[in-house]
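Secondary and tertiary structure notes
Residues per chain, in single letters:
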Amino acid sequence: MATRCLERYGTATNLLATFNADRQQEYTRDIVRALRGNAPSLGTIAIAYGRDIPKAWIVPQLVDLCNYTGCPGKLNRFQLNSLAGVIQHNWGHLKLTELMLFFQMFKSGKFGRFYGTVDGLIITEALQEFSRWRLRRITEIEREEQRRQRQEDDRARASIVRAYADLCRRAGMSQMQFARFIQDLGIPADENAVTLARTLHLAEATIQALTICADALNSLSS
């Protein structure tokens, strides 16, 4: 992961510029991509670039949030660094795009709010709530992906069944006779759609070869 991160983003400066706080809306417009994309995690960039780089990325995100709130009581440099360290330690598994999504959702009022002053505890409590929301959302996404995959498999299997029946008709055999024919030829059969497609291709090629041989024998005998 760290090696791929270095190969993709190069220097730490380029990484920080790529995931700059100004690009939060751009990277979080597609929530599924923000959660399931290939952006590196805090832990990954710590391994790739050193332990100080996650803080160097988090602090500008926090400053951006502070500026957004307009609260007069904002985090000082010590508080920013301390809070960045807490986030890195407890949420190092989160991808940068996931954290950018958190900050965007916090700005929209989905995970807590400040009352007159920016409070680090409110941010960490909101991160805990975001983590629970994230887990539920990823579970929903995975279920939807599995449902779509099952539908695609069902459509592929139905298409192959139709092709199988058509091949039986063209061979002048019943499905049972055709199944025995395939078995006698030693062609593997399986419920897997890809394997079934390969089986039909091999069977069709065999029938064509036998037809050519039969035509050749007929021409020799006539």
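Please refer to the structure placed before this passage.
Bear in mind that the values here come from a model prediction, so they are computed numbers and not experimental data. (Residues numbered from 1 in each chain as written. Predicted model: local features only at pLDDT ≥ 70, side-chain atom pairs only at ≥ 80, totals over all residues. Heavy atoms only, no water.)

Re the packing of helix 5 (residues 42–49) against helix 6 (residues 52–69)
To characterise two packed helices, one gives the angle between the axes of the helices and the distance between these axes. Heads up, the rule is: Simply put, an axis is a line fit to the C-alpha atoms, just over the touching stretch for a helix, and the angle between two N-to-C directions goes from 0 to 180 degrees. Elements are defined by DSSP. Helices are runs of H or I of four residues or more, strands are runs of E of two residues or more, and each kind is numbered from the N terminus. Reported orientations rely on four angle classes, namely roughly parallel under 35 degrees, roughly antiparallel over 145, roughly perpendicular from 65 to 115, and oblique for the rest. Two residues qualify as a contact provided that any one of their heavy atoms is within 4.5 Å of a heavy atom in the partner residue. Charged residues are taken to be Asp, Glu, Lys and Arg, nonpolar residues to be Ala, Val, Leu, Ile, Met, Phe, Trp, Tyr, Cys and Pro, and polar residues to be all remaining types, Gly included.
With their axes 7 Å apart at the nearest point, helix 5 and helix 6 run at an angle of 130 degrees to one another. Here helix 5 is positioned oblique relative to helix 6, judged by the angle of their axes. Between helix 5, through Leu42, Ile45, Ala46 and Tyr49, and helix 6, the contact on the second element is made entirely by Ile53, Pro54, Trp57 and Ile58. Residues belonging to the contact of helix 5 with helix 6 are distributed by class as follows: eight nonpolar, no polar and no charged.

Things to note about the nonpolar core
Definition in use: Buried residues of nine kinds, namely Ala, Val, Leu, Ile, Met, Phe, Trp, Tyr and Cys, make up a nonpolar core once their side-chain atoms join them within 4.5 Å. Note on exposure labels: buried denotes an accessible area under 20% of the residue type's maximum, exposed denotes more than 50%, and partly exposed covers the range between, all computed with a 1.4 Å probe on protein chains only.
Ranked by internal contacts, the top residues of the largest apolar core, which has 47 residues, are Leu15, Phe19, Tyr49, Leu62 and Ile87. Elements with a contribution of two residues or more to this core: helix 1 (2–9), helix 2 (12–18), helix 4 (31–36), helix 5, helix 6, helix 7 (77–90), helix 8 (96–107) and helix 9 (120–171). If you tally residues by element for this core, the top one is helix 8, at eight residues. Among all residues touching Tyr49, those that are not within four sequence positions of it are Cys5, Leu6, Tyr9, Gly10, Thr11, Ala12 and Leu15.

Remarks on helix 5
Of all eight residues that make up helix 5, six are buried, and the element is covered over most of its length. Taken together, the buried positions of helix 5 are occupied by Leu42, Thr44, Ile45, Ala46, Ala48 and Tyr49. Residues of helix 5 that are buried make contact with helix 1, helix 2, helix 6, helix 7 and helix 8. Backbone geometry just after helix 5 places Gly50 at a positive phi near 115 degrees.

Brief notes about the environment of Ile138
The residue Ile138 is located in helix 9 in this model. In the structure, Ile138 is positioned 102 residues away from Arg36 in sequence and 7.9 Å away in space, judged by C-alpha atoms. Apart from residues lying up to four places away in sequence, Ile138 is in contact with Leu35, Arg36 and Glu98.

So, the pattern of salt bridges
Inclusion rule: Salt bridges are defined as contacts in which a side-chain nitrogen from Lys or Arg sits within 4 Å of a carboxyl oxygen from Asp or Glu.
One pass over the structure, following the stated rule, counts nine salt bridges. Note that Arg23 and Glu26 form a salt bridge whose closest N and O atoms lie 3.0 Å from each other. Classification of Arg23 as partly exposed rests on a relative accessible area of 28%. Note on Glu26: relative accessible area 42%, which makes it partly exposed. Between Arg147 and Glu144 there is a salt bridge, and its shortest N-O distance comes to 2.5 Å. Of this pair, Arg147 and Glu144 are both found in helix 9, three residues apart, which corresponds to roughly one turn of the helix. Linked by salt bridges that have partners in common, Arg36, Glu142 and Glu145 make up one network.

Here's the deal with helix 6
Note the threshold: The span you would expect from a helix comes to 1.5 Å times its residue count less one.
Its 18 residues give helix 6 an end-to-end C-alpha distance of 26 Å, which sits within 8% of 26 Å, the value for a rise of 1.5 Å per residue. Gly70 occupies a position one or two residues after helix 6 and carries a positive phi of about 75 degrees.

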